[in-house]
Amino acid sequence: MRLTVQRRGDRPARERAARHARHVRAQLGVAADIAITAQRRTLNERLAAGRYGQGERVLRGRVTVEDVMEYARQHFGLVTAPREQVAAVLRARFELRGGHCDLDTDAYTA
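Quantities reported herein were computed from a predicted structural model and do not represent experimental measurements.

Undergrad: Describe the pattern of salt bridges, and please don't skip the residues or the numbers.
TA: Going through the model one piece at a time under the given rule, you end up with 7 salt bridges. The partner of Asp33 in a salt bridge is Arg97, and the shortest N-O contact between them spans 3.6 Å. Of this pair, Asp33 sits in helix H1 (residues 10-49) while Arg97 sits in the loop between helix H3 (83-96) and strand S2 (103-105); the two residues are 64 residues apart in sequence, bridging distant segments of the chain. Look at the salt bridges and you will find they share partners, linking Asp33, Arg93 and Arg97 into a network.

Undergrad: Give me the lowdown on the confidence of the model for the protein chain, citing residues and values where you can.
TA: For the protein chain, per-residue confidence averages 86 on the pLDDT scale, and 84% of positions sit at 70 or higher. Highest mean pLDDT in the protein chain belongs to helix H2 (residues 65-76) (96); lowest belongs to H1 (90).

Undergrad: Describe the nonpolar core, naming the residues involved and giving the relevant values.
TA: Grouped together as the largest cluster of nonpolar side chains are 20 residues, with contacts concentrated most on Leu28, Val63, Val65, Val68, Val86, Leu90 and Leu103. Every element with two or more residues in this core is listed here: H1, H2 and H3. The element contributing the most residues to this core is H1, with 7 residues. The contacts of Val65, once residues within four sequence positions are left out, are Arg83, Val86, Ala87, Leu90, Asp106, Ala107 and Ala110.

Undergrad: Let's hear about the environment of Val30: which residues, and what values?
TA: By the element assignment, Val30 lies in helix H1. Separated by 45 residues in sequence, Val30 and His75 have C-alpha atoms that sit 9.4 Å apart.

Undergrad: So what's going on with the environment of Val65? Which residues, and what values?
TA: Following the sequence through the fold, Val65 ends up in helix H2. With a relative accessible area of 0%, Val65 lands in the buried category. Put simply, Val65 and Asp106 are 41 residues apart on the chain and 6.7 Å apart in space, counted from C-alpha to C-alpha.

Rules used throughout
- Residues numbered from 1 in each chain as written.
- Predicted model: local features only at pLDDT ≥ 70, side-chain atom pairs only at ≥ 80, totals over all residues.
- Heavy atoms only, no water.
- Salt bridge = Lys/Arg side-chain N within 4 Å of Asp/Glu carboxyl O.
- Helix = DSSP H or I, 4+ residues; strand = E, 2+ residues; numbered from the N terminus.
- pLDDT = per-residue confidence, 0-100.
- Core = buried A, V, L, I, M, F, W, Y, C linked by side-chain atoms within 4.5 Å.
- Buried < 20%, exposed > 50% of the residue type's maximum accessible area, 1.4 Å probe, protein only.
- Contact = heavy atoms within 4.5 Å.

Here it is, written out as structure tokens:
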């Protein structure tokens, strides 16, 4: 009887790399959601505290790529993520969560 030998080729490595890339992208998405939520909470606290006077223009919040990278580092230990990838994830989450209503971002210029 002949035994079949399964060779370890490039396919498992490619699958692991693709799985890892999806995992990192998901973690960046969560970090972007955390950054957006934190900025919205800050805005709501300012409004509730009445820091804006009568007739004053209410400032918009700003979510930056650096904010997302910092939350990714704090929560997931991601220390190296390409800035372009972080900006792309932030753009996607920003649009999905309706950030244009009350927030600004630098993800479109990064």
